[in-house]
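Read off the chains here:
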Amino acid sequence: MSILQQVRNRNPLVHNITNVVVTNFTANGLLALGASPFMAYAHEEVEDVAAMAGAVMLNIGTLDPYTVQSIKLAGQAANRAGVPVIFDPVGAGATAYRTAAALEIVAEVKVDIVRGNVAEVAHVIGENWQIKGVDAGGGAGDRKELALRAARKLGCIVVITGEQDILTDGTQLNIVTNGHILLTRVTGTGCLLSSVVAAFAAVVQDAERRLEAVTEAVACYGLAAELAVVDAGGQGTGSFQTAFLNRLSTITPEQVNEHCRIQRHIYP
Ligand code: ATP
Ligand code: TZP
Ligand code: MG
Ligand code: MG
């Protein structure tokens, strides 16, 4: 059975510690897909919520010291409970504080999946890449090699998104070319993708199958955007955002199977 169908059947609880910009969009996107969003930040409860969740998504988009501590507590509780942890290092590299927080989080929490733009992923492993606020700068360098280095250094799956999405566990490397430029004109589409990846990871117990699950999540998301562009009929980004949520709720496993564009490589 497709992993998308398993998400719809099992309605996994996804604990999100995310940013104030994208909270509502993330909750609605997860609901549209068939998952169950839960946003919880209080130090008094984050460990309980993380331990009961199917997956935990940690995002530093509008971080402050309290939230960074929430993230560490939730991440460590998820680690103890064997719950997969997804980290979105929004804006790592943009300020010294953000970079330091991202480095602390990956040092103190065993992260299973990192999803970010190319510059954020570079800064999470102490490398340099041009960044402009929370958006990837231009930057030169080999994105595939960077993804492989990051996956090997962090011992986790790394997803670098952009025009092409690169996903790797340090040996297998998949490239997904579904998606649409309009995704870059709506805030929170990267953050929501991190939560969608969490929902797919939640229903796959076997870590060996996790890269395949994440690849299906990214292809499904990109394809939903392509279909939404057609639905929105050139009316602009507001209509696209609504059409995109509609497509997340109606996209079928058959459509994903037929229209996903995935290249698979091995880097032994
Ligand atoms: P950034 O802040 O750099 O935009 P992000 O966290 O918003 O990063 P993106 O890289 O924008 O994350 O990825 C979000 C979604 O947008 C992914 O599905 C990705 O495939 C898609 N996407 C990003 N850039 C493009 C593009 N140029 N063409 C098509 N799809 C894109
Ligand atoms: N500022 C701080 S967090 C945030 C902005 C605009 C949202 C970023 O969302 P995404 O998904 O990385 O575009
Ligand atoms: Mg974007
Ligand atoms: Mg982002």
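Note: the structure precedes this text.
Rules and cut-offs
Residues numbered from 1 in each chain as written. Chains lettered and ligands numbered in written order. Predicted model: local features only at pLDDT ≥ 70, side-chain atom pairs only at ≥ 80, totals over all residues. Heavy atoms only, no water. Helix = DSSP H or I, 4+ residues; strand = E, 2+ residues; numbered from the N terminus. Rg over C-alpha atoms; globule rule 2.2 N^0.38 Å. Buried < 20%, exposed > 50% of the residue type's maximum accessible area, 1.4 Å probe, protein only. Contact = heavy atoms within 4.5 Å. Near = heavy atom within 4 Å. Polar contact = N/O pair within 3.5 Å; in protein donor to acceptor, adjacent residues only side chain to side chain. Nonpolar A, V, L, I, M, F, W, Y, C, P; charged D, E, K, R; others polar. Salt bridge = Lys/Arg side-chain N within 4 Å of Asp/Glu carboxyl O. Areas by Shrake-Rupley, 256 points an atom, 1.4 Å probe, with all protein chains shown as cover. Pairing = 2+ DSSP bridges. Core = buried A, V, L, I, M, F, W, Y, C linked by side-chain atoms within 4.5 Å.

Chemist: What am I meant to see in the overall build of the chain here?
Modeler: For the chain, the helix and strand inventory stands at 11 helices and 11 strands. The C-alpha radius of gyration computed for the chain amounts to 17 Å, which stays within 12% of the reference 18 Å derived for 268 residues, consistent with globular compactness. Taken over 268 residues, the chain has a buried fraction of 54%. Across the chain, contacts joining residues at least 24 apart in sequence account for 71% of those joining residues at least 6 apart.

Chemist: Any chance you could explain the site of ligand 2 here in plain terms?
Modeler: The environment of ligand 2 is made up of Asn19, Val21, Val22, Gly61, Val134, Thr187, Gly188, Thr189, Gly190 and Cys191. Between ligand 2 and Thr189, the relevant distance is 3.5 Å, taken from an oxygen atom to a main-chain nitrogen or oxygen of the residue. Looking at side-chain class alone, the shell around ligand 2 contains four nonpolar, six polar and no charged residues.

Chemist: Looking at this structure, how should I read the pattern of salt bridges?
Modeler: Under the counting rule described, the total for this entry stands at nine salt bridges. Here Glu127 ties to Arg149 by a salt bridge, and the two come within 2.8 Å at their closest N and O atoms. Of this pair, Glu127 sits in the loop between α6 (118–124) and β6 (131–132) while Arg149 is found in helix α7 (residues 143–154), placing the two residues 22 residues apart along the sequence. On the accessibility criterion, Arg149 (40% relative accessible area) is partly exposed. Note that Arg247 and Asp231 form a salt bridge whose closest N and O atoms lie 2.6 Å from each other. Taken as a pair, Arg247 in helix α10 (residues 237–250) and Asp231 in helix α9 (residues 210–232) lie far apart in primary sequence, 16 residues in all. Each of Lys72, Glu104 and Glu108 takes part in one network of salt bridges that share partners.

Chemist: Whenever I open this one, the site of ligand 1 confuses me. Can you help?
Modeler: Close contacts around ligand 1 come from 18 residues, with Val134, Asp135, Ala136, Thr161 and Asp165 the closest. At a separation of 2.9 Å, an oxygen atom of ligand 1 approaches a polar backbone atom of Ala136. With respect to ligand 1, the backbone of His180 contributes an N or O atom lying 3.3 Å from a nitrogen atom. About the coverage of ligand 1: the protein hides 86% of its 600 Å² of free accessible area.

Chemist: Teacher, can you tell me more about the pairing of strand β8 (residues 157–161) here?
Modeler: Consecutive side chains of a regular strand alternate in pointing toward one face of the sheet and then the other. With five of five residues buried, β8 is to be regarded as a mostly interior element. Neither face of β8 is open: one carries Ile157, Val159 and Thr161, the other Val158 and Ile160, and all of them are buried. Both strand β5 (residues 113–117) and β8 contribute to a ladder of five bridges, which runs parallel. From the neighbouring strand, Gly116 faces β8, where its bridge partner is Ile160. One ladder, built from three bridges, connects β8 with strand β9 (residues 165–168); its direction is antiparallel. Its bridge partner lying in β9, Ile160 is registered against Ile166. The hairpin turn running from β8 into β9, its antiparallel successor, is three residues long.

Chemist: For this particular structure, what's the right way to read the nonpolar core?
Modeler: Side chains that are nonpolar tend, in soluble globular proteins, to be buried together. Residues Phe200, Phe240 and Phe244 are the most contacted members of the largest nonpolar core, which totals 51 residues. Among the elements of the structure, α1 (3–10), α2 (23–33), β3 (55–59), β8, α8 (189–202), α9 and α10 are those that each provide at least two residues to this core. Here the element with the most residues in this core is α9; it accounts for 14 residues. When residues no more than four places from it in sequence are discounted, the contact partners of Phe240 are Leu182, Leu183, Val186, Ala225, Ala228, Val229 and Ala232. Formed by 44 residues, the second largest nonpolar core is a distinct cluster that contains Leu58, Ala92, Ala122 and Ala147.

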